[in-house]
Amino acid sequence: MSDRTLISNLQPEGSNYDLIVKVVNLTISVEQKRADGTKIQVQEAIVADESASICFIAKNEQVPLLQVGSVLSLKNASTFVFNGNMRLSVGRWGSVAQLVDQQIEVNLSKNLSKVDYELVSLPQPRYVKI
């Protein structure tokens, strides 16, 4: 990945990010049933690179790739703000792949998911740190 983005450079409501991250911790795991009867599996994980960490939301076929210590390639990832905190996810137009035999250093001192954001109405609505 030549145009790799570092976690510390992510912005709220951003998209088209390519990252290489390491899974540091698995947090919440839920299985939800939709109105049409299909099930969706959701797993939250803390992922990090050498610059910072962030909460990553994996769904369905992405969930088995989340193993503590594994290194992942996230292509076309995007960020969103949930309850005032930034999260990272990969939708249908992106991909998540495990990188075997690759290790990266991680920085856990700066977690972007712990920074509070608020939507501010300016000429163009945007999120700002509070």
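Residues numbered from 1 in each chain as written. Predicted model: local features only at pLDDT ≥ 70, side-chain atom pairs only at ≥ 80, totals over all residues. Heavy atoms only, no water.

**Describing the sheet that holds strand S3 (residues 53-59)**
Stated formally: Paired strands, in this sense, are two strands between which DSSP finds at least two bridges. Put simply, DSSP marks the helices as runs of H or I at least four residues long and the strands as runs of E at least two long, and each gets a number from the N terminus on. Angles run from 0 to 180 degrees between N-to-C directions of axes, and those axes are lines fitted to C-alpha atoms, restricted for helices to the stretch in contact.
The strand order around the closed barrel formed by five strands is S1-S2-S3-S5-S4, and the pairing between neighbours is mixed. On average, each strand axis in the sheet is tilted by 40° relative to the strand beside it, whichever way the strands run. Summarising the sheet, strand S1 (residues 17-33) and strand S4 (residues 71-82) pair through five bridges and their orientation is antiparallel. Opposite Leu 19, over in S4, you have Leu 74 as the bridge partner.

**Brief notes about the pattern of salt bridges**
Keep this limit in mind: Throughout this description, the term salt bridge denotes a Lys or Arg side-chain nitrogen within 4 Å of a carboxyl oxygen of Asp or Glu. Only protein chains enter the accessibility calculation, which uses a 1.4 Å probe; a residue whose area is less than 20% of its type maximum is buried, one above 50% is exposed, and one in between is partly exposed.
Following the criterion strictly, the structure yields two salt bridges and no others. Across the pair Arg 4 and Glu 50 runs a salt bridge, and its minimum N-O distance is 2.4 Å. Of this pair, Arg 4 sits in the segment before S1 while Glu 50 sits in the loop between strand S2 (39-48) and S3; the two residues are 46 residues apart in sequence, bridging distant segments of the chain. The exposure class assigned to Arg 4 is partly exposed, which follows from its relative accessible area of 27%. The shortest N-O distance in the salt bridge between Lys 39 and Glu 31 comes to 3.7 Å. On the accessibility criterion, Lys 39 (56% relative accessible area) is exposed. Here Glu 31 falls in the exposed class, since its relative accessible area comes to 53%.

**Observations regarding the side chain of Gln 62**
Defined as follows: Two N or O atoms form a polar contact when they lie within 3.5 Å of each other; inside protein one atom must be a possible hydrogen donor and the other a possible acceptor, and for residues adjacent in sequence the pair counts only when both atoms belong to side chains. The contact criterion used throughout is that any non-hydrogen atoms of two residues lie within 4.5 Å.
By the element assignment, Gln 62 lies in the loop between S3 and S4. One polar contact links the side chain of Gln 62 to the main-chain carbonyl oxygen of Val 90, over a distance of 2.9 Å. Setting aside anything within four residues of it in sequence, one finds Gln 62 in contact with Phe 56, Ile 57, Val 90 and Val 96.

**Some thoughts on the pairing of S1**
Pairing between S1 and S2: nine bridges, direction antiparallel. Residue pairing across strands places Val 30 opposite Val 42, the latter belonging to S2. Between S1 and S2, which pair antiparallel one after the other, the connecting turn spans five residues, and Gly 37 there sits at a positive phi close to 95°.

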